[in-house]
Amino acid sequence: MRVIHVVTAFPRTEDDLITPWMVGLVREQRRSGIEAEVLAPAYRGSRNHEISGIPVHRFRYAPAGLETLTHDETVPERLIRRPHYGGLLPSYLAGGLRAAAALGRSAPQVVHVHWPMPHALLGATLRHASAGRTAMVCSYYSVELNWVDKKLAWLRPLLRWSIRTADAVTAISSSTASRIQDFVPTPVSVVPFAAAVDLADAPEVRAPFAHDGPVELLFVGRLVERKGVEHLIRALPTLLRDRPVRLTVVGEGSWEPRLRETVRDTGMEEHVRFAGRATDSELRRLYAACDVFVLPAVVDRKGDTEGLGVVLLEALRFGRPVVASELGGIPDIVKPGRSGWLVPPGDPEALARTLGELAAAPEEARRIGRAGREFANERFSWTHLVGKLGVCYEEAQAFRHKKRTREI
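What you are looking at is a predicted structure, and each value in this text was computed from that prediction instead of being measured.

Cut-off values and rules
Residues numbered from 1 in each chain as written. Predicted model: local features only at pLDDT ≥ 70, side-chain atom pairs only at ≥ 80, totals over all residues. Heavy atoms only, no water. Helix = DSSP H or I, 4+ residues; strand = E, 2+ residues; numbered from the N terminus. Rg over C-alpha atoms; globule rule 2.2 N^0.38 Å. Buried < 20%, exposed > 50% of the residue type's maximum accessible area, 1.4 Å probe, protein only. Contact = heavy atoms within 4.5 Å. Lys, Arg positive; Asp, Glu negative; His and termini not counted. Charge placed at Lys NZ, Arg CZ, Asp CG, Glu CD. Expected span 1.5 Å × (residues − 1). Salt bridge = Lys/Arg side-chain N within 4 Å of Asp/Glu carboxyl O. Phe/Tyr/Trp six-rings, centres within 6.5 Å; stacked < 30°, edge-to-face > 60°. Lys NZ or Arg CZ within 6 Å of the ring centre and 35° of its normal.

Enquirer: It is not clear to me how the overall build of the protein chain should be interpreted in this structure. Could you clarify?
Expert: Secondary structure assignment for the protein chain yields 14 helices and 14 strands. In terms of overall size, the protein chain behaves like a compact globule, its C-alpha atoms giving a radius of gyration of 22 Å where 408 residues would be expected to give roughly 22 Å. When its C-alpha atoms are laid out on the principal axes, the protein chain stretches across 70 × 45 × 40 Å. For the protein chain, buried positions account for 55% of its 408 residues. Taking as baseline every contact in the protein chain between residues at least 6 positions apart, the subset at least 24 positions apart corresponds to 71%. Separation of charge centres in the protein chain, based on 55 positive and 48 negative side chains, amounts to 7 Å.

Dropping the structure here:
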């Protein structure tokens, strides 16, 4: 089976750290025998190439110096920070449509559209160019649903069309599936992603709280409002009343200056370390050494929140106790008493209380860490998820064949 993934961004070089979960998916599909390829926009004039053995088709949409709408940050954030980039959207779509039509003439079995707003237009064009033989699968990640629902209501007809025109629909979490069905009552398969960082070549993984030093807290992710790191920083003074604590923040993003200001305001300079962007080997070391992984997500001013929380899966693979907010797709991963602890979003006191209880019961924390690792390996392994997508592809092809037969 040949599958074309339509995406907004894909690594530009072998050591580019963006979208590791997408690379993981495509790589694992190819290992399973699926001929998976990628269609993505160019970045500063980049051409077709291979990443980790994956064929990447790049479409041009502007002079090389202007091709920075994607990759450096998400397109919505780019447009908010620099509205003039909106002028590239027509040429972006035109370039993508031309490339999709060219690929469609080779009639792959499936086109898998990620972020269907607006990439469903590219998927539909590819399908049309294949004389309707290619099945289209659309995958949603919650952010596009939130934006259309709260900020871009005039795009609701396009969103509904993208759902209806797909031959199969997937969502990254149960929460996102429910949101899709609010727009169009249609079957939705929940297909999350697996951890991008695994135990390969990891340093020795010590048991949580098996040391005499401060409680080591870890956050990994983009430093943006919806990650809620500000609330974790504000929880530290309460925690410090009973025990020494150290927080390591891994990641980069537009919210970093505000987070550093919060550290200063709370007097936490000696207890918070900003580690910046980390390599895979550095992440393995940090996961292996932390006592608790924390994802204190919130709903941001755009109405966006965590579609799933893949970093939680990475932490669970290392047997780390995890504490996260009860919202979005997080409850699909964090099951109280089985894989971690859930707290109300935006509540530093509740966060401090839960973290304090964990530190006071290290044996229970270690037990949940072990159970969480088993849960993640069972429910979120690449083998399991590639298999689920394979079934989805087969169902989409059957639906497409039946529809073509009726049309003929």
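After that view of the structure, there is still more to cover.
Enquirer: Could you clarify how one ought to interpret helix 1 (residues 20-31) in this entry?
Expert: Side chains three or four residues apart in an α-helix point the same way, a direct result of the helix having 3.6 residues per turn. Taking 1.5 Å as the rise per residue, helix 1 with 12 residues should run 16 Å; its terminal C-alpha atoms sit 16 Å apart, in good agreement. For helix 1, the full list of buried residues reads Trp21, Met22, Val23, Gly24, Leu25, Val26, Glu28 and Gln29.

Enquirer: Before we go on, may I ask you to explain the pattern of salt bridges in this structure?
Expert: Oppositely charged side chains may form a pair once their charged atoms are brought near each other. On inspection of all chains with the given rule, the structure shows 25 salt bridges. Among the ionic contacts, a cluster of salt bridges with common partners joins Arg12, Asp16, Asp72, Glu73, Arg78 and Arg81.

Enquirer: Looking at this model, I keep getting lost on the packing of aromatic side chains. Mind explaining?
Expert: Geometrically, a pair of aromatic rings is defined through the distance of the ring centres and the angle of the planes. Evaluation of the coordinates by the stated rule reveals 12 aromatic pairs. Consider the rings of Phe193 and Trp382, whose centres lie 6.4 Å apart with planes at 55°: the pair is tilted. Of this pair, Phe193 sits in the loop between strand 8 (189-190) and strand 9 (215-220) while Trp382 sits in helix 14 (residues 382-407); the two residues are 189 residues apart in sequence, bridging distant segments of the chain. Judged by its relative accessible area of 13%, Trp382 is buried. A ring pair is formed by Phe375 and Phe380, whose centres lie 5.9 Å apart and whose planes are at 65°; its orientation type is edge-to-face. When its relative accessible area of 1% is taken as the criterion, Phe375 is described as buried. Connected via pairs of aromatic rings, a cluster forms that spans Trp21, Trp115, Tyr141, Phe193 and Trp382. Taking the ring centre of Tyr43 as reference, the NZ or CZ of Arg12 above it sits at 4.5 Å.

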